[in-house]
Structures are given as structure tokens and as C-alpha cells.
Amino acid sequence: MSDMVWSFAQNFYPEFQAKCSETVTLLDNLRSAPTVSPDELQHAAVNLAKLTKNLSDATGSLPSYDQRKCESQLKELEKTLNELRASSSSKPKFSFKRKPAKSTSAGAKVLEIEARASAVTTSNPALTIHSLSSLYITSNDLSRPAISGDQPEVSLSDIDRCIVNLASSTESMPLISAVHVRKLSNSVLLLPNIQGSVMLHELSNCVVVTGCHQFRMHGSTDVDVYLSIPSNPIIEHCSRIRFTSYPKALLSDIDPVISTHFSVQDFSHIRTKTPSPNWRELADGESVSIWPLSKLGDQAQVEKELIKLLPVRESGTVSRQDRD
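Remember, it's a predicted structure, so these values are computed and weren't measured experimentally.

**Q** Help me understand the overall build of the chain, please; the structure alone is not making it clear to me.
**A** From N to C terminus, the chain includes 6 helices and 13 strands. Burial analysis of the chain (324 residues in total) assigns 46% to the buried set. Put simply, of all contacts in the chain between residues at least 6 apart along the chain, 61% involve residues at least 24 apart.

Structure, rendered in C-alpha cells:
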């Protein structure tokens, strides 16, 4: 995909998400109100129509994952609006005040929509790794459907105390179009150059090494990110994140680009004139220089390497909290 298209997508997505959040807030307020007028419903419908038109105009200029996720968000908003219409038309003249929805936070609603969007079946073939612990994982461990021709997406979920090394595969590995990660803890993830997006959800005490066109991380804490990227990385609802450049030892797979890995956009920090407290640069003395690129034979070796690599150290060594 051309740099122009990626630049358009990088600018479009944050603006679209901000407008979605505004519409979510509006709908949440209407759901909590004792009565809803036709004018209020019409206002919400106009907002949704504008969002739909904006996405329609952007079709063909967005990565497939972003397109699907935005479409799913619009479907959820439309569903909520239709429920409000039905409730309003059937509501008796005198009624008890409806209890607010349990999750009235706009941010929580957006995350709920994104989670549902991530579960949508994709058209690209998927290579999966899930529900593993205390292992050294390579591309040989990917669950592979019968595929040919297309660039696959990789999906990883529910992984604890593992080293996942897809960056130094010795076998023929197709170019990866996107990577989706959910619930990764106490683990190291080594990725090659990804053609599209890397989407990370619910990481805890991890190291992520990747090159990609788009990087987004949600709901994560204590993560070191070694990154090569031509656009601004995005984090949201994250804390104690550290960024640095992609390791020189693994650069054979990364095209030389002017990386913007320190130009992080924190969607949870709205005070643009002050630095975000949720991330910082990883100092040279804190970064890893030797990586476990060869297969480790047993659990004890994996655990030993993890102690060296993870942001939060164990067993009497210096902890991250002591360093930060």
C-alpha cells in the first residue's frame, strides 16, 4: 500500500474515532434520559449519517482491518439508535425513569465496540496461536489453514510466560498483513516487518519488537516496545509503557525508514501541552542487546530468559518500579 494511502489512513482514523466517541456520548445521554424527543433522535441520526458518509468516502483508502472495525462501530451505533427509537415510540406518557446503562462511559463503549469488531471473521487467512504458557514459540507452532496467495493475518491470544519468535523463522514464511494480539502476559513477542497494522489489547509485563505501518495498543501496562514505524504509534488506556527503536540485531528484515517511534499519541491524555504520564522513552542502558533467537529446549530455559528480558524483573533483580 502506498505511503499516500497510509498517510490518509493515519489521519482519518483518529478523527473518525473522536466523532464516534461524541456520538456514543450523545446516545448514552439519551438512553439515560427519562424521555427522548424526536428532535434529539433526529440530531443523533444526522451525526450517524455524517459518520457513515465519511467512511463511505474513505472506502478504498483504508487498511482492511480499519475499514471492518469502523463499519462494525457504525453498526453498533445504528443498533443503539434503533433501540432508542423503538423505546421512545412505545414509551407510555407516564413512566418510571429508566436506569442508566451499566456502561455509560463513552470510552468504555468505544472499547466494547472495538472488541466486537476484532471478533469479526476476516477475509484474509488467519494464522493463530492461543492458550499457551511457558513455551518458546516459532512460526512452526502457528495453526495454519489451507491458504495460498493471500498475505495472512496473525492472531495471538491468552498467552502467558512465553517467548514468541516470528522474527527469525528459518522456514519460508509469507508476508504478514496484520497482527492482532489479546491477553498477553509476562511474555516476549518478536515480530518481523508487518505490512499493515499491529493491534495490541490487554498486555501486561511484556516486550514487543516489531516493524509496521500502524501501531495501536489498548488497555496495557508495563510494556517495552521496540519499534520501527513511519507513522505515529497510538496508545489508549495504557500505563508504564516504554518505547525505543527496533533492535539493530534484527534489522535485516526491516526496510530503512525514518522511524517515528517516539511520536506517540496517547488518546487517554487530552492535555496536549503537557507530556503524557503513561509512556516514556526507553533509555539505552535499559534496553535489551541480546535476544533469544534460537529455540529454547525446555521451560526452565524459557523462564531464565524471561527474567532477563521482561520490564518487571523478578527474584531479587532490579524491578521496573525501582528504575522508573
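**Q** Quick question: what am I supposed to make of the nonpolar core here?
**A** General note: in soluble globular proteins, nonpolar side chains tend to be found buried as a group. Counting residues in each nonpolar core, the largest one holds 35 residues, and the members touching the most others are Leu 156, Val 179, Phe 215, Met 217 and Phe 243. Of all the elements in the fold, those that place two or more residues in this core are strand E1 (126-133), strand E3 (153-160), strand E5 (178-185), strand E6 (188-193), strand E7 (197-211), strand E8 (214-218), strand E9 (221-228) and strand E11 (239-245). In terms of residues, this core owes the most to one element, E7, which gives 5 residues. Non-local contacts of Val 179, meaning those with residues more than four positions away in its chain, are made with Val 154, Leu 156, Leu 191, Ile 194, Ser 197, Val 198 and Met 199. Of all hydrophobic cores here, the second largest spans 22 residues; its members include Tyr 13, Leu 26, Val 36 and Ala 45.

**Q** What exactly am I supposed to notice about the environment of Asp 158 here?
**A** Note on placement: Asp 158 falls in strand E3. Taking the C-alpha atoms as reference, Asp 158 lies 8.0 Å from Ser 185; in sequence the two are 27 residues apart. Contacts of Asp 158, omitting those with residues within four sequence positions, involve His 130, Ser 131, Leu 132, Arg 182 and Lys 183.

**Q** Looking at this structure, how should I read the pattern of salt bridges?
**A** Once the charged atoms of two side chains with opposite charge are near each other, the side chains can pair. Here the structure, examined in full by the defined rule, presents 10 salt bridges. When the shortest N-O distance is used, the salt bridge between Arg 31 and Asp 28 registers 3.8 Å. Of the two residues, Arg 31 and Asp 28 are both situated in helix H1 (residues 3-32); the distance of 3 residues between them amounts to about one turn of the helix. Residue Arg 31 is classed as partly exposed on the basis of its relative accessible area of 21%. Members of the salt-bridge network, linked through shared partners, are Asp 224, Arg 242, Arg 280 and Glu 286.

**Q** Teacher, can you tell me more about the side chain of Asn 278 here?
**A** For Asn 278, the position within the fold is in the loop between strand E12 (265-266) and strand E13 (279-281). Since its relative accessible area comes to 16%, Asn 278 is described here as buried. With residues up to four places along the chain from it excluded, the contact list for Asn 278 reads Ile 235, Cys 238, Ser 239, Arg 240, Ile 241 and Asp 266.

**Q** In this structure, what is going on with the confidence of the model for the chain? I would like to understand it.
**A** Averaged over every residue, the pLDDT of the chain is 77; the share at 70 or more is 74%. Per-residue pLDDT, averaged within each element of the chain, yields its smallest value for helix H4 (residues 106-118) (40) and its largest for E9 (96). Counted against residues more than four places away or in other chains, residues 1-5, with its pLDDT under 50, gives 4 contacts. Contacts from residues 315-324, a stretch scored under 50 in pLDDT, to residues over four places away or in other chains number 22 contacts.

**Q** Which parts of the structure should I look at to understand unusual backbone geometry?
**A** A negative phi angle is the norm for most residues apart from glycine, just as the trans form is the norm for most peptide bonds. Of note, Ser 131 is a non-glycine position whose phi angle comes to about 55 degrees, a positive value. Here Ser 131 lies in strand E1. Non-glycine residue Ser 134 carries a positive phi angle of around 55 degrees. On the accessibility criterion, Ser 134 (15% relative accessible area) is buried.

**Q** Sorry, what's going on with the packing of aromatic side chains here?
**A** Two aromatic rings are characterised by how far apart their centres lie and by the angle between their planes. Overall, the coordinates contain 3 aromatic pairs when judged by the stated rule. Ring centres of Phe 215 and Phe 243 lie 5.9 Å apart, and the angle between their planes is 80 degrees; on these two criteria the pair is classed as edge-to-face. Of this pair, Phe 215 sits in strand E8 while Phe 243 is found in strand E11, placing the two residues 28 residues apart along the sequence. With respect to class, Phe 215 is no different from Phe 243; both count as buried. A ring pair is formed by Phe 243 and Trp 279, whose centres lie 5.8 Å apart and whose planes are at 90 degrees; its orientation type is edge-to-face. Taken together, the residues Phe 243 in strand E11 and Trp 279 in strand E13 connect sequence positions 36 residues apart. According to the relative accessible area criterion, Trp 279 is buried, its value standing at 18%. An aromatic cluster is defined as three or more aromatic residues linked by ring pairs; in this entry it consists of Phe 215, Phe 243 and Trp 279.

**Q** Teacher, can you tell me more about helix H2 (residues 38-58) here?
**A** The periodicity of an α-helix, 3.6 residues per turn, causes residues three or four places apart in sequence to face the same way. Counted at 1.5 Å a residue, the expected span for H2 with its 21 residues is 30 Å, and the 30 Å between its end C-alpha atoms agrees. Residues Leu 41, Ala 44, Ala 45, Leu 48, Leu 51, Leu 55 and Ala 58 constitute the buried set of H2. Along H2, the residues classed as buried sweep out an arc of 145 degrees about the axis, all on the same side. Away from its buried face by more than 90 degrees, H2 exposes Pro 38, Asp 39, Lys 50, Lys 53 and Asp 57.

Procedures and definitions
- Residues numbered from 1 in each chain as written.
- Predicted model: local features only at pLDDT ≥ 70, side-chain atom pairs only at ≥ 80, totals over all residues.
- Heavy atoms only, no water.
- Helix = DSSP H or I, 4+ residues; strand = E, 2+ residues; numbered from the N terminus.
- Buried < 20%, exposed > 50% of the residue type's maximum accessible area, 1.4 Å probe, protein only.
- Contact = heavy atoms within 4.5 Å.
- Core = buried A, V, L, I, M, F, W, Y, C linked by side-chain atoms within 4.5 Å.
- Salt bridge = Lys/Arg side-chain N within 4 Å of Asp/Glu carboxyl O.
- pLDDT = per-residue confidence, 0-100.
- Phe/Tyr/Trp six-rings, centres within 6.5 Å; stacked < 30°, edge-to-face > 60°.
- Expected span 1.5 Å × (residues − 1).
- Arc of directions from axis to C-beta.

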